[in-house]
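Now for the letters of each chain:
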Amino acid sequence: MSTEGRGFLPTTAEEVGRLGWDALDIIIVSGDTYIDSAYNGAAVIGRHLADNGFRVGIICQPDLSSAADIARLGKPRLFWSVTAGSVDSMVANYTPTRKFRKEDDFTPGGVNDRRPDRACIAYTNLIKKHCKGAPIVLGGIEASLRRIAHYDFWSDSVRRSILLDAKADIITYGMAELSNLELAQALRDGRDWKGIRGICYMSPTVPDGYAELPAYEAVSDGREKNPDFVRMTRMFMDNCDPVTAKGLVQAHAGRYLVQNPPQRYLTPEELDRVHSLGYMRAVHPYYAEQGEVRAMDTIGNSIVTHRGCYGDCSFCAIAVHQGRTVVSRTADSIVAEAERLAAAPGFDGVIRDVGGPTANMYGIECTRKQVMGACKDRHCLLPRPCDKLPLDHRPQIGLLKRIAAVPGVRKVFVASGVRHDMVVFDRAFGRDYLECLTDGHISGQLKIAPEHVSKRVLELMGKPDSNVLLDFKDMFDEANRKSGRDQYLTYYFMAAHPGCYENDMRELDAFIRDELRMQPEQIQVFTPTPSTRSTMMYHTRRNIEDTADIKAEHSVQMRQRQKGIVGPGDGKRAPKRRR
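As the structure is a prediction and not an experimental result, all values here were calculated from the model.

A.B. asks: What is the right way to read the nonpolar core from this model?
C.D. replies: The nonpolar side chains of a soluble globular protein tend to be buried with one another. Counting residues in each nonpolar core, the largest one holds 128 residues, and the members touching the most others are Trp80, Leu138, Tyr310, Ile351, Ile403, Leu446 and Phe472. Apart from residues no more than four positions distant in its own chain, Ile351 is found in contact with Asn301, Ile303, Ala338, Leu341, Ile403, Val409, Lys411, Val412 and Phe413. With 36 residues, the next largest nonpolar core counts Ala42, Ile45, Ile58 and Ala186 among its residues.

Here is the structure:
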């Protein structure tokens, strides 16, 4: 049964009173404003808990200078749930050159003046100062990716688990609907919660059967090319799949961070339910009156089709946070959401995105992986897609056609990025998919992320060869001509990834000019975010196998210099490349 139309989760004492509640079971504290949408993790967790009978409230971007915000809903009976928001607060607040970002799309008014650095720590301290009593549970991507010892780019140091730095009680890592629900049920019923999958906690002892990561003291001792940090990263990556992962522990000054094995993935039916929980698709009025929230321009009329990503790019946190297994919603659930959206007051007829982390992974997954777990000895897509991965874009083609036929829908766009190698290697239906997109489902541009063209750099990034990019471009150009529309590809490229030299950037510059015949616009500088393979390479200057040294440019000026090579040019000739 859908819970559509339940209204917002309460964020003021007056709303709690109108519901007839004397207290809340769980209070969520978030670094983002309260957008009641399936794109907002805090809203998803809150809605899921409420759907299972818990009384949930939410406080967003609380003022750190007083108790006024954090205490306005009282103390929760069960626990506080603290998240930095949709992205790590340090990524949200700083550019790759460590300059402070002045704007924030998830803050009313758009000015970045309400999200503190290291938000999980700041909000936990605020709660402990003014509202002691209930346990504090950290969640969201900041807590998830900082759950073990990790390299922190902004302080250029290896930090302890965020559980210790925040002095919180528990971490629920990953997408965490099930972990939070099981934790809430255990605390309500007075049962032991330490066996719940997908959580971390501190312990004086090592649970039976758990593997031990190198200790914090070993990975942070300042050694150059620290082999313990490399080994920690490998063990961490090898134990992220819920089917095959062991529990992990890591010593921190004589105590142990315990990471239980990951929580199982939601089933498609459970994911359908999560997306039918009555989201208002709006900013809560309490926050809306404080200013426009620019994120609504993107997510307000968009639909999530799936979660997870088996692209497994070395620099990306999605596979670590959401998992390497793609779980897709049923087509009926997605079309029903489109129908609700089309019937909503003020809908302009345009669905701005139908997608997920990678749009065209919808409906495509390896059945072996679902039973035996993700392979530890190979990538799903590299050097070419695995034979066990049934590349077939027909489910998404059919889905787009069904949504486009919903009364009241004028346009359906795919704004999420597309994995171009999957299209190329889908020999049967890849061209049909591209023709479907170019014939009315892209708003003038299609986003792809080749990231580089140097074979050596691409291998370190975990990205496909540049020849695949050229094959895709030929396919897109042909589909575009058939459509008769003036559309183009938007390419995302990266500078200063570990292993990238200035000559590699000159090779990229020549490729863009000679092969793509365009002026580059989307060149980003690599940012080492916590707990990715690329960040390990950046910090240790070693590859993931610990078999070779890697250049990693740490100077802000030299990192920017790499970016500057692509474009007008630096006067030096690029090395010749062969196709």
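A.B. asks: How should I be thinking about the sheet that holds strand 5 (residues 136–139) in this particular structure?
C.D. replies: Picture the strands of a sheet paired through backbone hydrogen bonds; they go either parallel or antiparallel. In spatial order, the strands read 3-1-4-5-8-9-12-11-10; together these 9 strands make up an open sheet with mixed pairing. Edge positions in the sheet fall to strand 3 (56–60) and strand 10 (211–212), since each has one partner strand and no second. Bridging between strand 4 (residues 79–83) and strand 5 involves 4 bridges; their strand directions are parallel. Of the residues in strand 5, the one forming a bridge with Trp80 is Ile136. Of the strands in this sheet, strand 1 (26–30), strand 4, strand 5, strand 8 (170–172) and strand 9 (199–203) are in contact with helix 7 (residues 177–189), which crosses strand 4 at around 160°. Its contacts with the sheet put helix 9 (residues 227–238) on strand 10, strand 11 (248–252) and strand 12 (255–259), and the angle it makes with strand 11 is roughly 150°.

A.B. asks: Could you clarify how one ought to interpret the environment of Asn180 in this entry?
C.D. replies: Structurally, Asn180 is set in helix 7. Note on Asn180: relative accessible area 2%, which makes it buried. Along the backbone, Asn180 and Asp113 are 67 residues apart, and their C-alpha atoms lie at a distance of 30 Å. In contact with Asn180, other than residues within four places in its own chain, are Ile45, Leu49, Phe79, Ser81, Val137 and Thr172. A distance of 2.9 Å separates a polar atom in the side chain of Asn180 from the backbone oxygen of Ala176.

A.B. asks: Sorry if this is basic, but what is going on with the packing of helix 14 (residues 331–343) against helix 16 (residues 394–404) here?
C.D. replies: In helix packing, the relevant descriptors are the interaxial angle and the interaxial distance, both defined with respect to the helix axes. Running from N to C, helix 14 and helix 16 point in directions that differ by 30°, and their axes come no closer than 9 Å. One way to sum up the angle between helix 14 and helix 16 is to call them roughly parallel. Helix 14 and helix 16 meet at a crossing whose hand is right-handed. Counting all contacts with helix 14, which are made through Ala331, Asp332, Ile334, Val335 and Ala338, the residues of helix 16 involved are Leu399, Arg402 and Ile403.

A.B. asks: Explain the sheet that holds strand 20 (residues 445–451) here, please?
C.D. replies: Overall, parallel pairing links the 3 strands, which are arranged 20-21-22 in an open sheet. Across the chains shown, the open sheet's two edge strands, defined by having one partner strand only, are strand 20 and strand 22 (522–525). Adjacent strand axes in the sheet meet at a mean angle of 25°, parallel and antiparallel pairs treated alike. Sheet topology places strand 21 (residues 488–495) next to strand 22; 4 bridges connect them, and they run parallel. Across the sheet, residue Phe493 finds its bridge partner in strand 22, namely Ile523. On the sheet, helix 23 (residues 556–565) packs against strand 21 and strand 22 and is oriented at approximately 165° with respect to strand 22.

A.B. asks: Explain the pairing of strand 21 to me, please; I cannot follow it from the model alone.
C.D. replies: Looking down a regular strand, the side chains alternate between one sheet face and the other. The buried fraction of strand 21 is high, at 6 of 8 residues. Both strand 20 and strand 21 contribute to a ladder of 5 bridges, which runs parallel. Bridged to Leu446 within strand 21 is Leu489. A crossover connection joins strand 21 to the parallel strand 22 through helix 21 (residues 502–516); in handedness this β-α-β unit is right-handed.

A.B. asks: In this structure, what is going on with the side chain of Thr11? I would like to understand it.
C.D. replies: Position of Thr11 among the secondary structure elements: in the segment before helix 1 (13–18). Aside from chain neighbours lying at most four places away, what touches Thr11 is Ile58, Ile59, Arg72, Leu73, His284, Tyr286 and Tyr287.

A.B. asks: Mind showing me how you'd approach the pattern of salt bridges here?
C.D. replies: Charged atoms that come close allow side chains of opposite charge to pair. For the structure on display, the rule yields 46 salt bridges. For Asp312, the salt bridge is made with Arg533, and the minimal N-O distance between the two is 3.4 Å. One end of the pair, Asp312, is in the loop between strand 15 (306–307) and helix 13 (318–322); the other, Arg533, is in helix 22 (residues 533–540), with 221 residues separating them in the sequence.

A.B. asks: Any chance you could explain the packing of aromatic side chains here in plain terms?
C.D. replies: Given two aromatic rings, their pairing is described by the distance between the two centres and the angle made by the two planes. Taken as a whole, this structure holds 9 aromatic pairs when the rule is applied. An angle of 50° between the planes, with centres 5.9 Å apart, marks the rings of Tyr151 and Tyr538 as tilted. Here Tyr151, found in strand 6 (residues 150–152), pairs with Tyr538, found in helix 22; they are 387 residues apart in sequence, far enough to count as distant. What makes Tyr538 buried here is its relative accessible area of 1%. Consider the rings of Tyr286 and Tyr287, whose centres lie 5.0 Å apart with planes at 80°: the pair is edge-to-face. Given a relative accessible area of 2%, Tyr287 falls into the buried group. Connected via pairs of aromatic rings, a cluster forms that spans Tyr151, Phe153, Trp154, Phe526 and Tyr538.

Definitions and limits used
The numbering scheme is per chain: residues are counted from 1 as the chain's sequence reads. Local features in a predicted model are, by the rule used here, given only for residues with pLDDT of at least 70; side-chain atom pairs are given and counted only at 80 or more, and totals for whole chains, interfaces and linings are based on all residues. Calculation of side-chain values draws on the structure's entire complement of heavy atoms; hydrogens and water are dropped beforehand. The definition of a nonpolar core used throughout is a set of buried Ala, Val, Leu, Ile, Met, Phe, Trp, Tyr and Cys residues joined through side-chain atoms within 4.5 Å. Relative accessible area decides the class of each residue, using a 1.4 Å probe on protein chains only: under 20% of the type maximum gives buried, over 50% gives exposed, and in between gives partly exposed. Contacts are assigned to residue pairs that have any heavy atoms within 4.5 Å of one another. Two strands are said to pair when DSSP picks up at least two bridges between them. Secondary structure counts use DSSP, requiring at least four H or I residues in a row for a helix and at least two E residues in a row for a strand, with both numbered from the N terminus. Note on geometry: axes are lines fitted to C-alpha atoms, helical ones only across the stretch in contact, with angles between N-to-C directions running from 0 to 180 degrees. Any pair of nitrogen or oxygen atoms within 3.5 Å is treated as a polar contact; in protein, a donor-acceptor pairing is required on top of that, and neighbouring residues in sequence qualify only through side-chain atoms on both sides. Any angle that is under 35 degrees is reported as roughly parallel, and any over 145 degrees as roughly antiparallel; angles of 65 to 115 degrees are reported as roughly perpendicular and all others as oblique. Rotating anticlockwise by less than a right angle from the far helix to the near helix defines a left-handed crossing, while the corresponding clockwise rotation defines a right-handed one. Here the term right-handed applies to a crossover when the path leading from its first strand over the helix to its second strand runs clockwise, the strands being oriented away from the viewer. Basic side-chain nitrogens of Lys or Arg form a salt bridge, by our definition, when they fall within 4 Å of a carboxyl oxygen of Asp or Glu. Ring geometry is summarised as follows: Phe, Tyr and Trp rings, the Trp one being its six-membered ring, pair when their centres sit within 6.5 Å, and such pairs are stacked at plane angles under 30 degrees, edge-to-face over 60 and tilted between the two.

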